[in-house]
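# Close look at the chain arrangement
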Amino acid sequence: MGDSIGKWEGDTLVVDSTGFNDKTWVDSEGHPHSDGLHVVERIRRADHDHLVDEVTVDDPKTYTKPIVTKRVFDFEKDWNIAEFVCEDSDVFRNYQKESGAEKK
């Protein structure tokens, strides 16, 4: 629910997102954000079986300092990786309800 631009920096995909609307939240717990939200995601393969996703959430109107998270995903042989589009749709609203973070 924002505007994202991706570019490659070596072997890392960097996705820079701004322009978020008020229909999103920072995480599945429902933490809020302002119109000043800026998210930078850095995605890379650490090795053949691991994907590293580092996310920096910067919103000086809402938080006193940037929030930085890092997740390492283990690939499984049986996985069928598919595209997921986060949009204002039934899929997104159902995810909000299931996570308990639907806006009141």
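Residues numbered from 1 in each chain as written. Predicted model: local features only at pLDDT ≥ 70, side-chain atom pairs only at ≥ 80, totals over all residues. Heavy atoms only, no water.

## Observations regarding the pairing of strand E1 (residues 3-9)
Two elements, E1 and strand E2 (residues 12-18), share seven bridges in a ladder whose sense is antiparallel. Its bridge partner being in E2, Ser4 is matched across the sheet by Ser17. (Pairing = 2+ DSSP bridges. Helix = DSSP H or I, 4+ residues; strand = E, 2+ residues; numbered from the N terminus.)

## Some remarks on the sheet that holds strand E4 (residues 50-58)
As summarised here, the arrangement of the five strands in space is E1-E2-E3-E4-E5, forming an open sheet in which the pairing is antiparallel. On the outer flanks of this sheet lie E1 and strand E5 (67-74), each paired with one strand and no other. Each strand of the sheet is rotated relative to its neighbour by a mean of 15 degrees, with strand direction disregarded. Pairing analysis gives eight bridges linking E4 to E5, with the strands arranged antiparallel. Each residue of the ladder has a partner; that of Val55, found in E5, is Thr69. (Axes fitted to C-alpha atoms, helices over the stretch in contact; angles between N-to-C directions.)

## Notes on the nonpolar core
The nonpolar side chains of a soluble globular protein tend to be buried with one another. Of all hydrophobic cores here, the largest spans five residues; its members are Phe20, Leu37, Val39, Val55 and Val57. Discounting chain neighbours no more than four positions away, the residues touching Leu37 are Ser17, Thr18, Gly19, Phe20, Val57, Asp58 and Asp59. (Core = buried A, V, L, I, M, F, W, Y, C linked by side-chain atoms within 4.5 Å. Buried < 20%, exposed > 50% of the residue type's maximum accessible area, 1.4 Å probe, protein only. Contact = heavy atoms within 4.5 Å.)

## Quick notes on the environment of Arg45
Positionally, Arg45 belongs in strand E3 (residues 38-47). Classification of Arg45 by relative accessible area gives partly exposed; the value is 43%. Through-space distance from the C-alpha of Arg45 to that of Val72 is 9.4 Å; in sequence the pair is 27 residues apart. Within polar-contact distance, the side chain of Arg45 engages the backbone oxygen of Asp47 at 3.5 Å. (Polar contact = N/O pair within 3.5 Å; in protein donor to acceptor, adjacent residues only side chain to side chain.)

## Comments concerning the pattern of salt bridges
Taken as a whole and assessed by the stated rule, the structure comprises three salt bridges. Among the salt bridges present, the one from Glu9 reaches Lys7, with a minimum N-O distance of 3.5 Å. Residue Glu9 is classed as partly exposed on the basis of its relative accessible area of 35%. Two residues, Arg42 and Glu9, come together in a salt bridge whose shortest N-O distance is 3.2 Å. On the criterion of sequence distance, the pair formed by Arg42 in strand E3 and Glu9 in strand E1 is long-range, its members being 33 residues apart. Among the ionic contacts, a cluster of salt bridges with common partners joins Lys7, Glu9 and Arg42. (Salt bridge = Lys/Arg side-chain N within 4 Å of Asp/Glu carboxyl O.)

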